[in-house]
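# Working through the structure, step by step
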Amino acid sequence: MDFISFVIEYLPFISQGMLTTLQLSIISFLMGLILGAFLLALTLSPLRPVARAYIEPIRGTPLLVQLFVLYFGLPSIGIKLDAFTASILALGLNSGAYQAEIFRSAVKGIPDVQILSAESLGFTQYQTFRYVILPQALRISIPSLVNEFVTVIKESSLAAVIGIVELTRRGQYVAAYTYRAFEAYLIVAFLYFVLCYVFSHGSRVLERKVRIPGYT
Ligand code: ARG
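Every chain is numbered on its own, with residues counted from 1 as its sequence reads. The model is predicted, so local features are restricted to residues of pLDDT at least 70 and side-chain atom pairs to those at 80 or more, both for listing and for counting; the totals for chains, interfaces and linings are taken over all residues. Excluded from the side-chain calculation are hydrogens and water; included are all heavy atoms of the structure.

## Structural notes on the packing of helix α2 (residues 17–43) against helix α5 (residues 83–108)
The geometry of a pair of packed helices is captured by two quantities: the angle between their axes and the separation between those axes. As a reminder, the rule being used: Geometry is summarised by axes, namely lines fitted to C-alpha atoms with helices restricted to the contacting stretch, and by angles between N-to-C directions that run from 0 to 180 degrees. The helix count covers DSSP runs of H or I at least four residues long, the strand count covers runs of E at least two residues long, and both are numbered beginning at the N terminus. An angle below 35 degrees is treated as roughly parallel, one above 145 as roughly antiparallel, one from 65 to 115 as roughly perpendicular, and anything else as oblique. Helix crossings fall into two classes, left-handed where the near helix is turned counterclockwise from the far one by less than a right angle and right-handed where it is turned clockwise. Any residue outside Ala, Val, Leu, Ile, Met, Phe, Trp, Tyr, Cys, Pro, Asp, Glu, Lys and Arg is labelled polar, Gly included; the first ten of those are nonpolar and the last four are charged.
One can describe the packing of α2 onto α5 by two numbers: an axis separation of 5 Å at closest approach and a directional angle of 45°. Put simply, α2 runs oblique to α5. The handedness of the crossing between α2 and α5 is right-handed. Among the residues making up the contact of α2 with α5, the classes are represented as 18 nonpolar, 11 polar and one charged.

Structure follows, in C-alpha coordinates:
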(Lines give C-alpha, C1' and ligand atoms only; values in the text may rest on other atoms or scores of the structure.)
Protein backbone atom coordinates (compact mmCIF):
# COMPACT_ATOMS: atom_id res chain seq x y z
CA MET A 1 0.00 0.00 0.00
CA ASP A 2 1.46 3.37 -0.93
CA PHE A 3 1.58 6.25 1.52
CA ILE A 4 -1.46 8.04 0.08
CA SER A 5 -3.68 4.97 0.34
CA PHE A 6 -2.33 4.36 3.84
CA VAL A 7 -3.33 7.88 4.86
CA ILE A 8 -6.78 7.52 3.30
CA GLU A 9 -7.26 4.21 5.06
CA TYR A 10 -6.05 5.13 8.56
CA LEU A 11 -6.30 8.90 8.92
CA PRO A 12 -9.97 8.77 9.95
CA PHE A 13 -9.30 6.18 12.65
CA ILE A 14 -6.28 8.03 14.06
CA SER A 15 -7.85 11.48 13.87
CA GLN A 16 -10.75 10.38 16.07
CA GLY A 17 -8.19 10.40 18.85
CA MET A 18 -7.97 14.17 18.58
CA LEU A 19 -11.27 14.41 20.40
CA THR A 20 -10.00 12.54 23.45
CA THR A 21 -6.73 14.45 23.30
CA LEU A 22 -8.65 17.73 23.31
CA GLN A 23 -10.92 16.57 26.12
CA LEU A 24 -7.92 15.65 28.25
CA SER A 25 -6.13 18.89 27.44
CA ILE A 26 -9.03 21.28 27.95
CA ILE A 27 -10.16 19.81 31.27
CA SER A 28 -6.62 19.64 32.64
CA PHE A 29 -5.76 23.11 31.43
CA LEU A 30 -8.84 24.59 33.12
CA MET A 31 -8.02 22.69 36.28
CA GLY A 32 -4.51 24.12 36.06
CA LEU A 33 -5.91 27.61 35.56
CA ILE A 34 -7.92 27.48 38.78
CA LEU A 35 -5.07 25.87 40.68
CA GLY A 36 -2.63 28.42 39.22
CA ALA A 37 -4.77 31.37 40.31
CA PHE A 38 -5.09 29.85 43.77
CA LEU A 39 -1.32 29.29 44.00
CA LEU A 40 -0.77 32.90 42.90
CA ALA A 41 -2.97 34.13 45.74
CA LEU A 42 -0.92 31.99 48.14
CA THR A 43 2.31 33.31 46.63
CA LEU A 44 1.25 36.91 47.23
CA SER A 45 0.24 36.12 50.81
CA PRO A 46 2.27 35.12 53.89
CA LEU A 47 1.57 31.50 52.90
CA ARG A 48 4.06 31.79 50.05
CA PRO A 49 6.22 28.86 51.35
CA VAL A 50 3.19 26.56 50.98
CA ALA A 51 2.88 27.52 47.32
CA ARG A 52 6.61 27.04 46.74
CA ALA A 53 6.51 23.64 48.46
CA TYR A 54 3.97 22.59 45.85
CA ILE A 55 5.37 24.28 42.76
CA GLU A 56 9.02 23.27 43.09
CA PRO A 57 8.59 19.47 43.37
CA ILE A 58 5.97 19.44 40.62
CA ARG A 59 8.24 21.32 38.23
CA GLY A 60 11.27 19.38 39.37
CA THR A 61 9.98 15.87 38.64
CA PRO A 62 8.92 14.29 35.35
CA LEU A 63 5.24 14.40 34.47
CA LEU A 64 5.41 10.72 33.52
CA VAL A 65 6.56 9.82 37.03
CA GLN A 66 3.79 11.97 38.53
CA LEU A 67 1.28 10.12 36.37
CA PHE A 68 2.68 6.77 37.59
CA VAL A 69 2.48 7.90 41.21
CA LEU A 70 -1.21 8.72 40.78
CA TYR A 71 -2.18 5.72 38.67
CA PHE A 72 0.05 2.93 39.99
CA GLY A 73 1.06 4.37 43.37
CA LEU A 74 -2.18 5.58 44.94
CA PRO A 75 -3.94 2.18 44.80
CA SER A 76 -1.46 0.86 47.37
CA ILE A 77 -2.84 3.36 49.88
CA GLY A 78 -6.39 2.48 48.90
CA ILE A 79 -7.12 5.21 46.34
CA LYS A 80 -7.92 3.69 42.98
CA LEU A 81 -8.33 6.11 40.07
CA ASP A 82 -9.42 5.13 36.60
CA ALA A 83 -6.94 5.93 33.85
CA PHE A 84 -8.82 8.98 32.57
CA THR A 85 -9.14 10.58 36.02
CA ALA A 86 -5.49 9.86 36.78
CA SER A 87 -4.45 11.47 33.50
CA ILE A 88 -6.56 14.58 34.05
CA LEU A 89 -5.28 14.92 37.61
CA ALA A 90 -1.64 14.44 36.64
CA LEU A 91 -1.86 16.92 33.77
CA GLY A 92 -3.95 19.44 35.71
CA LEU A 93 -1.91 19.33 38.92
CA ASN A 94 1.23 19.66 36.83
CA SER A 95 -0.03 22.50 34.65
CA GLY A 96 -1.25 24.40 37.74
CA ALA A 97 2.32 24.72 38.96
CA TYR A 98 3.44 26.11 35.61
CA GLN A 99 0.47 28.45 35.35
CA ALA A 100 1.16 29.80 38.85
CA GLU A 101 4.62 30.78 37.62
CA ILE A 102 3.14 32.41 34.53
CA PHE A 103 0.84 34.56 36.70
CA ARG A 104 3.62 35.36 39.12
CA SER A 105 5.89 36.72 36.43
CA ALA A 106 2.99 38.66 34.91
CA VAL A 107 2.37 40.33 38.27
CA LYS A 108 6.06 41.14 38.50
CA GLY A 109 5.79 42.84 35.10
CA ILE A 110 3.42 45.47 36.43
CA PRO A 111 5.38 48.62 37.32
CA ASP A 112 5.51 49.32 41.08
CA VAL A 113 4.56 52.91 40.46
CA GLN A 114 1.05 51.80 39.57
CA ILE A 115 0.62 50.07 42.89
CA LEU A 116 1.99 53.11 44.71
CA SER A 117 -0.36 55.36 42.74
CA ALA A 118 -3.29 53.14 43.62
CA GLU A 119 -2.27 53.34 47.27
CA SER A 120 -2.01 57.11 47.18
CA LEU A 121 -5.46 57.25 45.58
CA GLY A 122 -6.75 55.42 48.61
CA PHE A 123 -7.30 51.98 47.03
CA THR A 124 -7.45 49.13 49.50
CA GLN A 125 -5.15 46.13 48.96
CA TYR A 126 -8.06 44.19 47.53
CA GLN A 127 -9.04 47.04 45.17
CA THR A 128 -5.46 47.36 43.97
CA PHE A 129 -5.34 43.65 43.25
CA ARG A 130 -8.76 43.55 41.61
CA TYR A 131 -8.63 46.74 39.51
CA VAL A 132 -4.95 47.39 38.89
CA ILE A 133 -3.03 44.13 39.09
CA LEU A 134 -5.46 41.44 37.96
CA PRO A 135 -6.76 42.89 34.67
CA GLN A 136 -3.25 43.62 33.48
CA ALA A 137 -1.72 40.38 34.77
CA LEU A 138 -4.32 38.36 32.91
CA ARG A 139 -3.68 40.16 29.65
CA ILE A 140 0.08 39.94 30.03
CA SER A 141 -0.32 36.19 30.70
CA ILE A 142 -2.30 35.36 27.56
CA PRO A 143 0.60 34.46 25.25
CA SER A 144 2.20 32.29 27.92
CA LEU A 145 -1.12 30.67 28.79
CA VAL A 146 -1.69 29.75 25.16
CA ASN A 147 1.81 28.35 25.10
CA GLU A 148 0.99 26.35 28.22
CA PHE A 149 -2.19 25.00 26.63
CA VAL A 150 -0.21 23.85 23.60
CA THR A 151 2.28 22.19 25.97
CA VAL A 152 -0.60 20.40 27.72
CA ILE A 153 -1.88 19.12 24.36
CA LYS A 154 1.53 17.65 23.63
CA GLU A 155 2.07 16.30 27.14
CA SER A 156 -1.34 14.63 27.09
CA SER A 157 0.27 12.01 24.84
CA LEU A 158 1.69 10.51 28.05
CA ALA A 159 -1.82 9.29 28.88
CA ALA A 160 -1.34 6.71 26.13
CA VAL A 161 1.12 4.96 28.42
CA ILE A 162 -1.62 4.07 30.91
CA GLY A 163 -4.02 3.04 28.17
CA ILE A 164 -6.07 6.13 27.32
CA VAL A 165 -7.05 5.79 23.68
CA GLU A 166 -6.18 9.27 22.50
CA LEU A 167 -4.18 10.37 19.48
CA THR A 168 -0.88 8.68 20.30
CA ARG A 169 -2.53 5.45 21.40
CA ARG A 170 -4.49 5.22 18.18
CA GLY A 171 -1.22 5.64 16.32
CA GLN A 172 0.21 2.75 18.36
CA TYR A 173 -2.75 0.59 17.38
CA VAL A 174 -2.30 1.34 13.70
CA ALA A 175 1.47 0.81 13.90
CA ALA A 176 0.97 -2.56 15.60
CA TYR A 177 -1.77 -3.63 13.22
CA THR A 178 -0.06 -2.63 9.96
CA TYR A 179 3.62 -2.89 10.96
CA ARG A 180 4.01 0.54 9.43
CA ALA A 181 5.13 2.58 12.41
CA PHE A 182 6.76 5.29 10.32
CA GLU A 183 3.58 6.23 8.47
CA ALA A 184 1.36 5.79 11.52
CA TYR A 185 3.41 8.08 13.74
CA LEU A 186 3.89 10.62 10.98
CA ILE A 187 0.11 10.93 10.84
CA VAL A 188 -0.03 11.25 14.63
CA ALA A 189 2.66 13.94 14.58
CA PHE A 190 0.89 15.79 11.81
CA LEU A 191 -2.39 15.84 13.74
CA TYR A 192 -0.71 17.16 16.92
CA PHE A 193 0.89 19.81 14.78
CA VAL A 194 -2.46 20.84 13.32
CA LEU A 195 -3.97 21.14 16.82
CA CYS A 196 -1.07 23.12 18.21
CA TYR A 197 -0.81 25.35 15.18
CA VAL A 198 -4.51 26.21 15.21
CA PHE A 199 -4.40 27.18 18.87
CA SER A 200 -1.19 29.14 18.86
CA HIS A 201 -2.13 31.09 15.74
CA GLY A 202 -5.75 31.58 16.73
CA SER A 203 -4.44 33.20 19.88
CA ARG A 204 -2.45 35.84 18.01
CA VAL A 205 -5.74 37.44 17.09
CA LEU A 206 -6.82 37.42 20.73
CA GLU A 207 -3.46 38.83 21.79
CA ARG A 208 -3.75 41.76 19.43
CA LYS A 209 -7.25 42.50 20.70
CA VAL A 210 -6.28 42.67 24.35
CA ARG A 211 -2.86 44.24 23.88
CA ILE A 212 -1.95 46.85 26.47
CA PRO A 213 -0.45 49.90 24.75
CA GLY A 214 3.18 50.24 25.78
CA TYR A 215 3.72 46.51 26.41
CA THR A 216 5.18 44.34 23.66
N1 ARG B 1 7.99 17.08 29.79
C2 ARG B 1 8.16 17.87 30.98
C3 ARG B 1 8.10 16.96 32.18
O4 ARG B 1 7.88 15.77 32.03
C5 ARG B 1 7.14 18.98 30.96
C6 ARG B 1 6.02 18.99 31.96
C7 ARG B 1 4.81 19.78 31.58
N8 ARG B 1 5.08 21.17 31.31
C9 ARG B 1 4.16 22.13 31.35
N10 ARG B 1 4.48 23.34 31.00
N11 ARG B 1 2.92 21.87 31.74
O12 ARG B 1 8.34 17.36 33.29
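## Points about the site of the ligand
To keep it simple, the criterion reads: Proximity is defined per residue: if any heavy atom of the residue lies within 4 Å of a molecule or strand, that residue is considered near it. Polar contacts, as used here, are pairs of N or O atoms within 3.5 Å; protein pairs need one atom able to donate a hydrogen and one able to accept it. Residues neighboring in sequence count only if both atoms are side-chain atoms.
Neighbouring the ligand are the residues Thr61, Pro62, Leu63, Asn94, Tyr98, Glu148, Thr151 and Glu155. Glu148 is positioned such that a nitrogen or oxygen atom in its side chain is 2.8 Å from a nitrogen atom of the ligand. In this structure, Glu155 approaches the ligand through a side-chain N or O atom, which is 3.0 Å from a nitrogen atom. Sorting the residues of the shell around the ligand by element identifies α5 and α7 (125–155) as the ones contributing at least two each.

## Comments concerning the environment of Leu44
Note the cut-off: By the convention used here, residues are in contact when the closest approach between their heavy atoms is within 4.5 Å.
Note on placement: Leu44 falls in the loop between α2 and α3 (48–59). Leu44 has contacts with Val107 and Phe129, leaving out every residue within four places of it along the chain.

## Things to note about the environment of Phe13
Heads up, the rule is: For every residue, the accessible area obtained with a 1.4 Å probe (protein chains only) is divided by the maximum for its type, and the residue is called buried under 20%, exposed over 50%, and partly exposed between those limits.
With respect to the secondary-structure elements, Phe13 resides in helix α1 (residues 3–15). The class for Phe13 is partly exposed, based on a relative accessible area of 33%. C-alpha separation for the pair Phe13 and Ala41, spaced 28 residues apart in sequence, amounts to 44 Å. Among residues more than four places away in sequence, those in contact with Phe13 are Arg170, Tyr173 and Val174.

## Quick look at the side chain of Glu183
Looking at where Glu183 falls in the secondary structure, it is placed in helix α9 (residues 181–209). The class for Glu183 is buried, based on a relative accessible area of 14%. Reaching out from Glu183, the side chain makes a polar contact with the side chain of Arg180 at a distance of 2.8 Å. Setting aside its immediate chain neighbours within four residues, Glu183 contacts Phe3 and Phe6.

## Section: the packing of aromatic side chains
Rule in force here: Each pair of aromatic rings taken from Phe, Tyr and Trp, with Trp reduced to its six-membered ring, is defined by centres within 6.5 Å and is described as stacked if the planes are under 30 degrees apart, edge-to-face if over 60, and tilted in the remaining cases.
Per the counting criterion, the structure on display carries six aromatic pairs. Centre to centre, the rings of Phe6 and Tyr10 are 4.9 Å apart; their planes meet at 50°, and the pair counts as tilted. Within this pair, Phe6 and its partner Tyr10 are both found in helix α1, separated by four residues, close to a single helical turn. A relative accessible area of 1% means that Phe6 is categorised as buried. Look at Tyr10 and you get buried, because its relative accessible area is 13%. Relative to Phe199, the ring of Phe149 lies with its centre 4.9 Å away and its plane at 85°, an arrangement referred to as edge-to-face. With Phe149 in helix α7 and Phe199 in helix α9, this residue pair connects regions lying 50 residues apart in the sequence. We classify Phe149 as buried; its relative accessible area is 10%.

## Overview of unusual backbone geometry
The phi torsion at Tyr179 lies on the positive side, around 60°, for a residue other than glycine. Structurally, the position occupied by Tyr179 is in the loop between α8 (167–178) and α9.

## A few points about the confidence of the model for the protein
How we decide: The predictor attaches a confidence to each residue, called pLDDT, with possible values from 0 through 100.
Per-residue confidence for the protein averages 93 on the pLDDT scale, and 98% of its residues sit at or above 70. Per-element confidence in the protein is highest for helix α4 (residues 63–73), whose mean pLDDT is 98, and lowest for α7, whose mean pLDDT is 90. Across the assembled chains, the prediction reports ipTM 0.93 with pTM 0.89.

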